[in-house]
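# Structural features, examined
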Amino acid sequence: EAILERIRQGLPHELMSRFNRLRMRCQHLRGLASDLKHPQYSDFSSTLDSAQIAGLDRLLWVFLRLLFTYHSLETFLEDTSLEGMQSDKAKLEKRLTEIGADDQSQRAQKLRHAIGDNLQTLQDRIDNYQRAEENYEFVGLEIDRLENKIKSLAELAVNRQEPDFITDEVDRVADSMKHTEQTMNDLQFATGLGRIDEIAPELLLEQQQEK
């Protein structure tokens, strides 16, 4: 619940709205599916479908965390200058060549050591920036993919009146997200959310909250 609240407070309005639109779509279609099966009942939180609801909660939770990861990476990239790091690196490399490889004085050795260590730090930062760029693109694509998967599952609840089939499909999509979840766990440096565990908050049936 603390992580959920942090995400809600940290996501910009347009991303939180995107999540709420997807969740409301699931709510509407699940309610419609329940009405088709049991017209006399409007409540779609029956124990018969609890496994499906838990599965969709899990997927919505991954989707929400993907949105937060995307926003965190975007902020990191905007606040970090690749050109500045590359410029600093070039200046240090030029300074290193000016010392001269033949100068073995104590002063020259100290300078080479300091510059070499600084160069390595800058290269590590550049590598980290480039990995963040790659992950930013990957996370954006995964957001679109999972959004379409969740929409498809919600529509199946209307078109296929087979609870076991829907549950199996939810599990199949959840399994396909394992690599994505690992990527988000690896990006904790950007999000600070910690690892994804097996517990997901109840998102499908809660009331909508807008920022």
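## Structural notes on the pattern of salt bridges
Taken as a whole, this structure holds four salt bridges when the rule is applied. One salt bridge in this structure joins R18 and E147, with 2.7 Å as the shortest N-O distance. Of this pair, R18 sits in helix α2 (residues 13-37) while E147 sits in helix α5 (residues 106-159), placing them 129 residues apart in sequence. Side by side, R18 and E147 carry an identical accessibility label, which is buried. A single salt-bridge network, built from bridges that share partners, covers R18, D144 and E147.

## Quick word on helix α4 (residues 82-99)
Structural remark: α-helix, 3.6 residues per turn; residues separated by three or four positions point the same way. With 18 residues, α4 extends 26 Å between its outermost C-alpha atoms, agreeing within 8% with the 26 Å of an ideal straight helix rising 1.5 Å per residue. Within the span of α4, buried status applies to L82, M85, L92 and I99. The buried residues of α4 occupy an angular sector of 100° when projected down its axis, which confines them to one face. Residues E83, K91, K94 and T97 are exposed on α4 and point more than 90 degrees away from its buried face. Sitting at the amino-terminal end of α4 is S81, which places a side-chain oxygen 2.9 Å from the backbone nitrogen of G84. Count one or two residues on from α4 and you reach G100, which has phi positive near 95°.

## Notes on the packing of aromatic side chains
Within this structure, the stated rule accounts for two aromatic pairs. For the pair Y70 and Y136, a centre-to-centre distance of 4.5 Å together with 15° between the ring planes defines the contact as stacked. A residue pair is termed long-range when its members are at least 10 positions apart, and Y70 in helix α3 (residues 50-79) and Y136 in helix α5 qualify at 66 residues. Look at Y70 and you get partly exposed, because its relative accessible area is 22%. Seen from their ring centres, F76 and Y129 are 6.5 Å apart, and the 40° between their planes marks the pair as tilted. In this pair, F76 sits in helix α3 while Y129 sits in helix α5, placing the two residues 53 residues apart along the sequence.

## Looking at the nonpolar core
Counting 49 residues, the largest nonpolar core has L59 and L146 as the members making the most contacts within it. Among the elements that take part in this core, α5 stands out by supplying 14 residues, more than any other. Residues within four places of L146 in sequence aside, it is in contact with L59, V62, F63, L66, V173 and M177.

## What to know about the environment of G55
Its location among the elements puts G55 in helix α3. As a C-alpha pair, G55 and L204 span 149 residues in sequence and 9.9 Å in three-dimensional space.

## Looking at the environment of F63
Tracing the chain through its elements places F63 in helix α3. Put simply, F63 and I143 are 80 residues apart on the chain and 6.5 Å apart in space, counted from C-alpha to C-alpha. Aside from chain neighbours lying at most four places away, what touches F63 is R18, F19, L22, I143, L146, E147 and I150.

## Points about a negative patch on the surface
A cluster of like negative charges, contributed by E83, E133, E134 and E137, occupies part of the molecular surface. With three residues, the single largest contributor to the negative patch is α5. Position of E83 among the secondary structure elements: in helix α4. Since its relative accessible area comes to 57%, E83 is described here as exposed.

Thresholds applied
- Residues numbered from 1 in each chain as written.
- Predicted model: local features only at pLDDT ≥ 70, side-chain atom pairs only at ≥ 80, totals over all residues.
- Heavy atoms only, no water.
- Salt bridge = Lys/Arg side-chain N within 4 Å of Asp/Glu carboxyl O.
- Helix = DSSP H or I, 4+ residues; strand = E, 2+ residues; numbered from the N terminus.
- Buried < 20%, exposed > 50% of the residue type's maximum accessible area, 1.4 Å probe, protein only.
- Expected span 1.5 Å × (residues − 1).
- Arc of directions from axis to C-beta.
- Polar contact = N/O pair within 3.5 Å; in protein donor to acceptor, adjacent residues only side chain to side chain.
- Phe/Tyr/Trp six-rings, centres within 6.5 Å; stacked < 30°, edge-to-face > 60°.
- Core = buried A, V, L, I, M, F, W, Y, C linked by side-chain atoms within 4.5 Å.
- Contact = heavy atoms within 4.5 Å.
- Patch = residues over 30% accessible without salt bridge, like charges linked within 9 Å, V, L, I, M, F, W, Y side chains within 5 Å.
- Areas by Shrake-Rupley, 256 points an atom, 1.4 Å probe, with all protein chains shown as cover.
- Lys, Arg positive; Asp, Glu negative; His and termini not counted.
- Charge placed at Lys NZ, Arg CZ, Asp CG, Glu CD.

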